Amino acid sequence: MAEAVDYKQIGTRPIRPDGVDKVTGRARFGADLVLPNMIHGKVLRSPHAHAKIISIDLSPALAMDGVMAAISGADFPGGGIEGEASGEGGGSLDDIARNVIARDKVLYHGHAIAAVAAATPAIADAALAAIKVEYEVLPPVLDVVAAMAEDSPLVDENCYTNLPEKPAKPSNIANIGKLERGNVEEGFEQADVIIEREYKVPMAHQGYIEPHACVANIDETGRGSVWCCTQGHFEFRTATARILGKNVADLKFIASEIGGGFGGKTVVYLEPLAVMLSERANRPVKMAMSREEVFRATGPTSGTVTRVKLGVKNDGTITAAKTWSAFEAGAFAGAPTMPGIMAIYAPYDLENFSVEAFDVLVNKPKVAAYRAPGAPQTMHAFECALDEAALALDMDPIDIRLHNAADEGTTAPYGPKFPPIGFKACLQAAKNHPNYTKPVPEGAGRGVSAGFWFNIGMQSSAEVHINENGTVMVIEGSPDIGGSRASMALMAAETLGVNYEDVRAQVGDTESTGFCNVTGGSRTTFATGMAVTQACEDVIAECKKRAAMTWGVDEDQVEWQDGSVVPGPGVNAEVKPMTLAELAGKAAKTGGPIQGRASVNAQGAGASFSVNFADLTVDTETGKVDVLSFTAIQDAGTAIHPAYVEGQMQGGAAQGIGWALNEEYIFDDNGVMQNAGFLDYRIPVASDLPMIETQIIEVPNPSHPYGVRGVGETPIVAPLAACSNAVSRAVGKRLTDLPLSPPNVLAQLDA
Amino acid sequence: MAKIVFPDSFLAYTDGVRETESDVRVYRDLVRELSARWPALQEKLERTAVAIDGQIYQDAFLETINPDSEVFFMARIEGG
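Below: a short report on this structure. Residue indices follow the written sequence of each chain, beginning from 1 at its first position. All chains are assigned letters beginning with A, and all ligands numbers beginning with 1, in the order in which they are written. Per-residue local features of the predicted model are confined to residues with pLDDT of at least 70, and side-chain atom pairs are confined, for both listing and counting, to 80 or more; whole-chain, interface and lining totals are unaffected and use all residues. In computing side-chain properties, one takes all heavy atoms of the structure into account and sets aside hydrogens as well as water.

## Some thoughts on the overall build of chain A
Phase 1 of the analysis: Summing up its helical and strand segments, chain A has 21 helices and 28 strands in all.
Phase 2 of the analysis: A compact globule built from 751 residues would reach a C-alpha radius of gyration of about 27 Å, and chain A, at 27 Å, matches this within 12%.
Phase 3 of the analysis: For chain A, the spread of C-alpha atoms along the three principal axes comes to 85 × 75 × 55 Å.
Phase 4 of the analysis: Carbon and sulfur atoms provide 48% of the accessible area of chain A, an area that totals close to 26,800 Å².
Phase 5 of the analysis: A positive count includes Lys and Arg, and a negative count includes Asp and Glu. His and the chain ends are not counted in either. Taken as the charge location is NZ of Lys, CZ of Arg, CG of Asp or CD of Glu. Taken together, the 59 basic and 91 acidic charged side chains of chain A have centroids lying 3 Å from each other. To qualify as a helix, a DSSP run of H or I must reach at least 4 residues; to qualify as a strand, a run of E must reach at least 2; elements of each kind are numbered from the N terminus. Values of the radius of gyration come from C-alpha atoms, whereas the globule rule sets the reference at 2.2 Å times the count of residues to the power 0.38. Note on areas: Shrake-Rupley, 1.4 Å probe, and residue coverage restricted to the protein chains presented here.

Encoded structure:
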């Protein structure tokens, strides 16, 4: 483990720079922009989960007063769009284009089939009602396991399982992922205890509070700007341009403030429609989804059916593990099967395992990334099986995990050996935690689970400008979802040796800074932070050059200390240090404004592990589950802004608890979601939860200048099994199907 | 010779070969070598992540491969 470093800025907890605007309502989100002559766009959505589109007649809408544009799939370029969408399971841009607006078939209830732009929202609604659409209704494919059968109706007649040799027949199974090591059957023969069960995790939504919204303003030349809430405006620009056959240089994308994304705002829905409507109407067009549209037509995450067989010896050693998992992809391929199977066993050092997962089309909304995509579903199953094994062996659930825990040098299930990781440190911290050493409350069950996510790097750019008074402007292109402007400012302040208050961080639009991949994958503090740090080092190099010029010495005789250039050993004693402000004030005489820049494709992201434990009670009369306490422990590498790390851990825990206890898409037999609103799709509110207690473990990532690992994804993984395990222990029976909502709990207790 | 390991999803393109060796010193040259040996593998190599001595690269190109290196190809991760 690396030695602790005494940072001056990193590790402090300054107030976030966007905080005042957000609490006063001044912050402008996706739907807050108003432009002169702006009109309003709306989307007509399919009333059927699966149907052929026989005809669409837009003319009644176009004939209405106040209607300025109406479009359908026929107005868009045909197929063959190259490239992939961002975010896990984003899928091909060709599929995204058909998800943005249907062409020959509608593939889920709520699938967009036409759009209009009109002077007022009310006129737009009336125009949608005037559009005539003729359908041939087809049977919907709704059950993931049934969809895998050879005789199942097909969601897409052109979908063939992605195998080296094209199968003879199309299938709803788009992709198959598989990992294996050792000899599973021999491993099971060595086991003293075998656990074998099937677990279900429902389709769930990211539940961001801000619905998707944008304003497109395209001029008569086809050029213009798009203001939108997004996790990545550069990749939104790419996707929109390709779907419309435009040059990316003709579109400027500006990221608004964002009210949550969690992976769901990595793909476009409205933006291509708004651009085309604006271009046709020659007016700015605002589009904003209702909550119902968000539920029906934007990315949930996959529901899964997972079967686990686990073998352990009496001392707790895992001898073999075998998993089969079916993932709902929704209407287009792209369920997060690979990260799911790569994550499932990642916390453990296993000799024998296999895991196989299927990416299955069903007539439901196309899934999109959601925090640690795929990992909560598969790891829920394995962590539940491991808990049942611990019960069978009368072994502490943390001890069985410690006994099998991966560590530095362990070969990860997906191939490479782990560099330094913090899983054992998390387990030890959990075991020593006062919430764990105290007795389980009367009538409650205590559940333990591990969590894991890989974290990623990818491309980021940053510029750092020094103002004439020595204050610092950081410009980068990663939309700030979780406080990244504060983290960037902290890393810049630390690198330059200045105060946090002297640094301002801004998210630039696509014409103001270099390319950045989406804010996702827990990459921003890691990768964009790396770019910011390198841009600051570029500034320092420039400052040394200016000082050398001023002092008449060589650059290598100048050093940088605490925000100043200082003469190195051997330089004339008369030479006095100069602060960044003094250098900036004389910049006109030494070459002009001082600035630095950097672009990176950051490699070496460090995996982040977690351990959660929780005490839950169950009212066996009503099935209601209450969370008495919840403790989240996670390796963050270095916590740049610990309060934001804790916030990520608490937010992920709240989402994971919601998924475990209440959240699910409920469809009727026709594939119509029955609970498309926050009254019926119940995410946890403050009164549902205790204070989520957190403990940050810091095992620095050696690949980052400040040891960052990334923290946003991992926190949602462990809560599912922590809750399942707590409930199962509380009632003395293994409950396998989420959510553990009152009716589901009662049904499983009665089964 | 560096040890090169393929995931299950590559085996259909490598004639079932899960593990091989190479004496190249740069990742770019490893891709060329493997693509020459198994032409159908080239497209997959363009879209894969790789771990070289435990370090995961989403977009490797000029990374050094030492004679004792372990190189694992793996699915790209993007996250949410």
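Next comes the rest of the description.
## Focus: the overall build of chain B
Phase 1 of the analysis: The helix and strand tally for chain B stands at two helices and five strands.
Phase 2 of the analysis: Listed N to C, the secondary structure of chain B is β-β-α-α-β-β-β in terms of helices and strands.
Phase 3 of the analysis: In terms of overall dimensions, chain B is globule-like: its C-alpha atoms have a radius of gyration of 12 Å, near the 12 Å expected for 80 residues.
Phase 4 of the analysis: The principal-axis extent of the C-alpha atoms belonging to chain B is close to 35 × 25 × 15 Å.
Phase 5 of the analysis: Here the term buried applies to any residue with accessible area under 20% of the maximum for its type, exposed to any over 50%, and partly exposed to those in between, with areas from a 1.4 Å probe on protein chains only. Within chain B, the proportion of its 80 residues that are buried is 54%.
Phase 6 of the analysis: Accessible surface, chain B: about 3,800 Å² in total, of which carbon and sulfur atoms supply 46%.
Phase 7 of the analysis: Across chain B, the centroid of the 9 positively charged side chains sits 3 Å from that of the 15 negatively charged ones.

## Overview of the pattern of salt bridges
Phase 1 of the analysis: Any carboxyl oxygen of Asp or Glu within 4 Å of a side-chain nitrogen of Lys or Arg constitutes a salt bridge here. In total, this model carries 43 salt bridges over all chains according to the counting rule given.
Phase 2 of the analysis: Notably, a salt bridge pairs Arg18(B) with Asp8(B), separated by 3.2 Å at the nearest N-O pair. Within this pair, whereas Arg18(B) is found in the loop between strand 1 (2-5) and strand 2 (19-22), its partner Asp8(B) is found in the loop between strand 1 and strand 2, the two being separated by ten residues in sequence.
Phase 3 of the analysis: Residue Asp8(B) is classed as buried on the basis of its relative accessible area, which comes to 16%.
Phase 4 of the analysis: Residue Asp29(B) pairs with Arg28(B) through a salt bridge whose shortest N-O separation is 3.2 Å.
Phase 5 of the analysis: According to the relative accessible area criterion, Asp29(B) is partly exposed, its value standing at 25%.
Phase 6 of the analysis: Among the ionic contacts, a cluster of salt bridges with common partners joins Arg16(A), Asp18(A), Lys22(A), Glu257(A), Asp480(A) and Arg485(A).

## Quick word on the interface of chain B and chain A
Phase 1 of the analysis: Whether two residues are in contact is decided by their heavy atoms, any of which lying within 4.5 Å being enough. Between chain B and chain A, the residue contacts involve 21 residues of the former and 35 residues of the latter.
Phase 2 of the analysis: Where chain B abuts chain A, roughly 2,200 Å² becomes buried across the two surfaces, and 54% of that area is made up of carbon and sulfur atoms.
Phase 3 of the analysis: Here's the idea: put two parts together, see how much 1.4 Å probe accessible area each one loses, and the total over both is what we call buried area. Considering only the side of chain B, the residues that lose the most area to chain A are Ile77(B), Glu78(B) and Gly80(B), jointly responsible for 30% of the buried surface there.
Phase 4 of the analysis: The shortest N-O distance in the salt bridge between Glu70(B) and Lys417(A) comes to 3.1 Å.

## What about the side chain of Ser724(A)?
All names here are of chain A.
Phase 1 of the analysis: Mapped onto the fold, Ser724 is located in helix 20 (residues 718-731).
Phase 2 of the analysis: Given the relative accessible area of 0%, Ser724 is considered buried.
Phase 3 of the analysis: Whenever a nitrogen or oxygen atom comes within 3.5 Å of another N or O atom, the pair is scored as a polar contact, on the condition that within protein one atom can donate a hydrogen and the other can accept it, and that pairs from neighbouring residues in sequence are kept only if both atoms are in side chains. One polar contact links Ser724 to His380, side chain to side chain, over a distance of 2.8 Å.
Phase 4 of the analysis: The contacts of Ser724, once residues within four sequence positions are left out, are His380, Cys384, Arg734, Leu735, Leu738 and Leu740.

## Section: the packing of aromatic side chains
All names here are of chain A.
Phase 1 of the analysis: Aromatic pairs are defined between Phe, Tyr and Trp rings, using the six-membered ring for Trp, whenever the two ring centres lie within 6.5 Å; interplanar angles under 30 degrees are classed as stacked, those over 60 as edge-to-face, and all others as tilted. Here the structure, examined in full by the defined rule, presents 27 aromatic pairs over all chains.
Phase 2 of the analysis: Taken together, a centroid distance of 4.8 Å and an interplanar angle of 50° make the contact between Phe295 and Tyr681 tilted. Of this pair, Phe295 sits in helix 9 (residues 291-297) while Tyr681 is found in the loop between helix 19 (642-661) and strand 28 (692-697), placing the two residues 386 residues apart along the sequence. We note that Phe295, like Tyr681, is buried.
Phase 3 of the analysis: An aromatic cluster of three or more residues is present, and its members are Tyr345, Tyr348, Phe353, Phe382, Tyr414, Phe418, Phe423, Phe452, Trp453, Phe454 and Phe609.

## A short note on the sheet that holds strand 15 (residues 304-312) of chain A
Residues and elements named next belong to chain A.
Phase 1 of the analysis: Taken together, the five strands give an open sheet; going across it, the order is 7-17-16-15-8, and neighbouring strands pair in mixed fashion. The open sheet has two edge strands, strand 7 (173-181) and strand 8 (193-201), and neither has a second partner. Between one strand axis and the next, the sheet turns through 10° on average, direction left out of account. By the convention used here, strands pair only if DSSP detects at least 2 bridges between them. The axes used here are C-alpha line fits, helices contributing only the stretch in contact, and every angle between their N-to-C directions lies in the interval 0 to 180 degrees.

## Let's talk about the nonpolar core
Side chains of nonpolar character tend, in soluble globular proteins, to be buried together.
Residues and elements named next belong to chain A.
Phase 1 of the analysis: Here, nonpolar core refers to any group of buried Ala, Val, Leu, Ile, Met, Phe, Trp, Tyr and Cys residues whose side-chain atoms link them within 4.5 Å. Counting residues in hydrophobic clusters, the biggest one holds 133 residues, and the most contacted among them are Leu310, Phe382, Tyr414, Phe452, Leu616, Phe630 and Leu661.
Phase 2 of the analysis: Considering each element in turn, this core owes the most residues, ten residues, to helix 11 (residues 375-393).
Phase 3 of the analysis: Beyond its immediate chain neighbours, meaning those up to four positions away, Leu616 contacts Ala444, Gly445, Val625, Asp626, Val627, Leu628, Leu661, Cys723, Ala726, Val727 and Ala730.
Phase 4 of the analysis: One finds Val474, Leu490, Trp551 and Leu583 within the second-largest nonpolar core, a separate group that totals 51 residues.

## Points about the packing of helix 12 (residues 397-404) of chain A against helix 13 (residues 423-432) of chain A
Residue and element names in this part refer to chain A.
Phase 1 of the analysis: Where helix 12 meets helix 13, the closest approach of the two axes is 10 Å, and the angle between their N-to-C directions is 160°. It follows that helix 12 is roughly antiparallel to helix 13 by the angle criterion. You can see that helix 12 and helix 13 cross each other, and the crossing is left-handed. Across from Ile398, Asp399, Arg401 and Leu402 in helix 12, the residues of helix 13 making contact are Phe423, Lys424, Leu427, Gln428, Ala430 and Lys431. Comment on the angle field: the value is read as roughly parallel under 35 degrees, roughly antiparallel over 145, roughly perpendicular from 65 to 115, and oblique elsewhere. Crossings are classed by handedness, with left-handed meaning an anticlockwise turn of the near helix from the far one by less than a right angle and right-handed meaning a clockwise turn.

## Some thoughts on the sheet that holds strand 2 of chain B
Residue and element names in this part refer to chain B.
Phase 1 of the analysis: If you walk across this open sheet you meet the five strands as 2-1-5-3-4, and the pairing is mixed. Since the sheet does not close on itself, it has two edges, and those belong to strand 2 and strand 4 (55-57), each with one partner. Going from strand to strand, the sheet's axes swing by 25° on average, the running direction of each strand aside.
Phase 2 of the analysis: Lying on the sheet, helix 1 (residues 27-37) is in contact with strand 1, strand 2, strand 3 (49-52) and strand 5 (70-74); it crosses strand 2 at an angle near 125°.

## Here we look at the environment of Gly521(A)
Phase 1 of the analysis: Assignment of secondary structure puts Gly521(A) in the loop between strand 21 (503-507) and helix 16 (524-551).
Phase 2 of the analysis: Sequence-wise, Gly521(A) and Val711(A) are 190 residues apart; in three dimensions their C-alpha atoms are separated by 9.1 Å.

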